[in-house]
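Read off the chains here:
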Amino acid sequence: MKVSVFGLGYVGTVCAACLADRGHEVIGCDVSEAKVDLINAGKSPIIEKDIGELVAAHVASGRLRATVSTEEAVMNSDLSLLCVGTPSRANGSLDLSAVQAVSRQIGASLAGKNSYHSVVIRSTVLPGTLSDIVVPSLEETSAKKLGEAFGAASNPEFMREGSAVADFNTPAKTVIGTDDETTRARLLELYSGLPGQMILTEPRLAELVKYTDNTWHALKVAFGNEIGNICKAAGVDSHDLMRVFFADTKLNVSNAYLLPGFAFGGSCLPKDVRAINAFAVQNDVEAPLLKSLMPSNKQQIERALERVLGFGKRNIGFLGFSFKAGTDDLRESPYLELIERLIGKGCDIRIFDQNVSLAKLVGANKAYLMNAIPHVTQLMVPSIEDVVKHSDVIVATSRSPEYEAVVEHMRPDQVLFDMARLPNTDRIAGIYDGINW
């Protein structure tokens, strides 16, 4: 393919050289004449493993060259990758002036181009950048419309400094976010043969992927360091401890617990998080990340309360209220706390939970149900139909199979507030809302 790469910094140089190495015809473009001259001389403007050799080889082969002319780059390519910088402003927000400037320059060049062009943002940008900045800039300066003369896409990079060439060639995933069929097909051809999962999605999700990845990486570093500091205070070798931690690939090093939803609860997580924080305080260890876990969890309950009250309806039904599906355990259940808060706000509550109903008759939690929260257990009803009949808002707390049937019974004026991501909500007759989807 014929590709232009805008911005010959770290990301742009690696992308340009690696695409040329894959057989594509690449023209780099940058406002810096020094960078352009280096590329054309067969030298890399960045220091990175293997990149110098790739630039030299493919400038010599004729598959890689550079220019300061936007028009030359656009006219000699079918697809443009935007790899310009997006530095932080003083307040932490992104400076997108380079993204907007290059989009306007490309648009001005598209005004004189007759063939269909694809503009792909590779820089790390937040959701809405493509739709709110790149596309309007292209349309204004080209006097042409998205989908008629050009297509647009988000295609984030996942390269690490020091191993960028290897990361480009062996990605865990390639993410293509676009609604434009031609641009999607071109990107699929561009990356054809790369290993890893090829993920086709919409632009806003693609724009948020890199931030999610990097925030997770930062979270892991901070978590490891805080646990290490506590280990030091406890006289435990932190690396030995974490090797034991890593051995659990079912829950610890896995996708377990990572799907967005409601707050955690139960007899273990809240108690243990409080205990390790207390241990840190007793040993004069600062652990701001661990300290933030309980307040963050509490905030999710506040968010749910605001959402339910925001529907402006008083009759509320709950499908389940134990802390976890398939149990009768109400100890520190976030759903129980939510119910009690709603009762305090004057809501009329009904609850169906088959496991808790059984526990009222037998089980270890019988005394707790009868003595600690009798005001709540008195609100329980024997069937899902009773919940539906009573409620203006129905709150689903888990994906128990019996709860999926609720969508078959709902009226058009009822709201289903889904905290579990029920699988069959496309058939719902009423109003659907998810807690964070």
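Predicted, not measured: the structure shown is a model, and the values here were computed from it. (Residues numbered from 1 in each chain as written. Predicted model: local features only at pLDDT ≥ 70, side-chain atom pairs only at ≥ 80, totals over all residues. Heavy atoms only, no water.)

A. Layout of the overall build of the chain. A tally of regular secondary structure across the chain gives 20 helices and 13 strands. A principal-axis box enclosing the C-alpha atoms of the chain has dimensions of 80 × 60 × 40 Å. Burial status across the chain gives 45% buried among its 437 residues. At a minimum sequence separation of 6, the contacts of the chain that also span at least 24 residues come to 67%. Accessible surface, the chain as shown: approximately 21400 Å² in total, 54% of it carbon and sulfur. If you average the places of the 43 positive and of the 52 negative side-chain charges in the chain, the two averages end up 3 Å apart. (Helix = DSSP H or I, 4+ residues; strand = E, 2+ residues; numbered from the N terminus. Buried < 20%, exposed > 50% of the residue type's maximum accessible area, 1.4 Å probe, protein only. Contact = heavy atoms within 4.5 Å. Areas by Shrake-Rupley, 256 points an atom, 1.4 Å probe, with all protein chains shown as cover. Lys, Arg positive; Asp, Glu negative; His and termini not counted. Charge placed at Lys NZ, Arg CZ, Asp CG, Glu CD.)

B. View of unusual backbone geometry. At Asp284, a residue that is not glycine, the phi angle is positive and equals roughly 55°. Looking at Asp284, the relative accessible area reads 72%, which means it is exposed. Of note in the backbone geometry, Arg421 takes a positive phi value of approximately 60° without being a glycine. Following the sequence through the fold, Arg421 ends up in the loop between β12 (415–418) and β13 (431–434). Taking the relative accessible area as the measure of exposure, Arg421 reaches 47% and is therefore partly exposed.

C. Examining the sheet that holds β12 more closely. The parallel open sheet is built from five strands, whose spatial order is β10-β9-β11-β12-β13. Where the open sheet ends on each side, the last strands, each with one partner, are β10 (348–352) and β13. Ignoring strand direction, the axes of neighbouring strands in this sheet form an average angle of 20°. Its contacts with the sheet put helix α13 (residues 293–310) on β9 (315–319), β11 (393–396), β12 and β13, and the angle it makes with β12 is roughly 170°. (Pairing = 2+ DSSP bridges. Axes fitted to C-alpha atoms, helices over the stretch in contact; angles between N-to-C directions.)

D. Seen up close, the pattern of salt bridges. Scanning all chains against the criterion turns up 16 salt bridges. Across the pair Asp433 and Arg307 runs a salt bridge, and its minimum N-O distance is 2.3 Å. Linking Asp433 in strand β13 with Arg307 in helix α13, this pair joins segments that are 126 residues apart in sequence. Classification of Arg307 by relative accessible area gives partly exposed; the value is 34%. In this structure, Arg350 and Asp348 form a salt bridge, with 2.8 Å as the shortest nitrogen-oxygen distance. Note on Arg350: relative accessible area 24%, which makes it partly exposed. Here Asp348 falls in the partly exposed class, since its relative accessible area comes to 22%. (Salt bridge = Lys/Arg side-chain N within 4 Å of Asp/Glu carboxyl O.)

E. Focus on the domain arrangement of the chain. The domains assigned to the chain are domain 1 (2–202) and domain 2 (297–434). Here the C-alpha centre of domain 2 lies 49 Å away from the C-alpha centre of domain 1. (Domains from an automatic or database assignment.)

F. Structural detail: the pairing of β9. Most of β9 is tucked away: four of the five residues are buried. In the sheet, β9 pairs with β10 via five bridges, with the strands oriented parallel. Across the sheet, the residue bridging to Leu319 is Phe352, located in β10. Read as a crossover between parallel neighbours, the route from β9 over helix α14 (residues 334–344) to β10 is right-handed. Pairing between β9 and β11: four bridges, direction parallel. Following the sheet pairing, Phe318 is matched in β11 by Val395. (Right-handed = clockwise from strand over helix to strand, strands pointing away.)

G. Just the nonpolar core, in detail. Leu19, Leu81, Leu187 and Tyr191 are the most contacted members of the largest nonpolar core, which has 34 residues in total. At the level of elements, β1 (2–6), α1 (10–21), α2 (33–40), α3 (51–61), β3 (64–67), β4 (79–82), α7 (164–169) and α8 (181–190) are the ones that each hand at least two residues to this core. Top element by residues in this core is α1. It accounts for eight residues. When near neighbours in sequence (up to four residues on either side) are disregarded, Tyr191 contacts Leu19, Arg22, Leu81, Arg122, Asn155, Phe168, Thr174 and Met198. Of all hydrophobic cores here, the second largest spans 30 residues; its members include Val308, Leu330, Ile339 and Leu342. (Core = buried A, V, L, I, M, F, W, Y, C linked by side-chain atoms within 4.5 Å.)

H. Region of interest: the environment of Glu148. Note on placement: Glu148 falls in the loop between α6 (129–142) and β6 (150–154). Each C-alpha atom of the pair Glu148 and His409 lies 45 Å from the other, and the pair is 261 residues apart in sequence.

I. Representation of the packing of helix α9 (residues 203–234) against helix α11 (residues 269–282) in the model. Remark: α9 packs on α11, axes separated minimally by 10 Å, with the N-to-C direction vectors making an angle of 60°. Overall, the two elements α9 and α11 adopt an arrangement that is oblique. Pair α9 / α11 crosses with left-handed handedness. Judged by residue contacts, Ile227, Ile230 and Ala234 of α9 engage Ile276, Phe279 and Ala280 from α11. When its residues are assigned to classes, the contact of α9 with α11 shows six nonpolar, no polar and no charged. (Parallel < 35°, antiparallel > 145°, perpendicular 65-115°, else oblique. Left-handed = near helix turned anticlockwise from the far one by under 90°. Nonpolar A, V, L, I, M, F, W, Y, C, P; charged D, E, K, R; others polar.)

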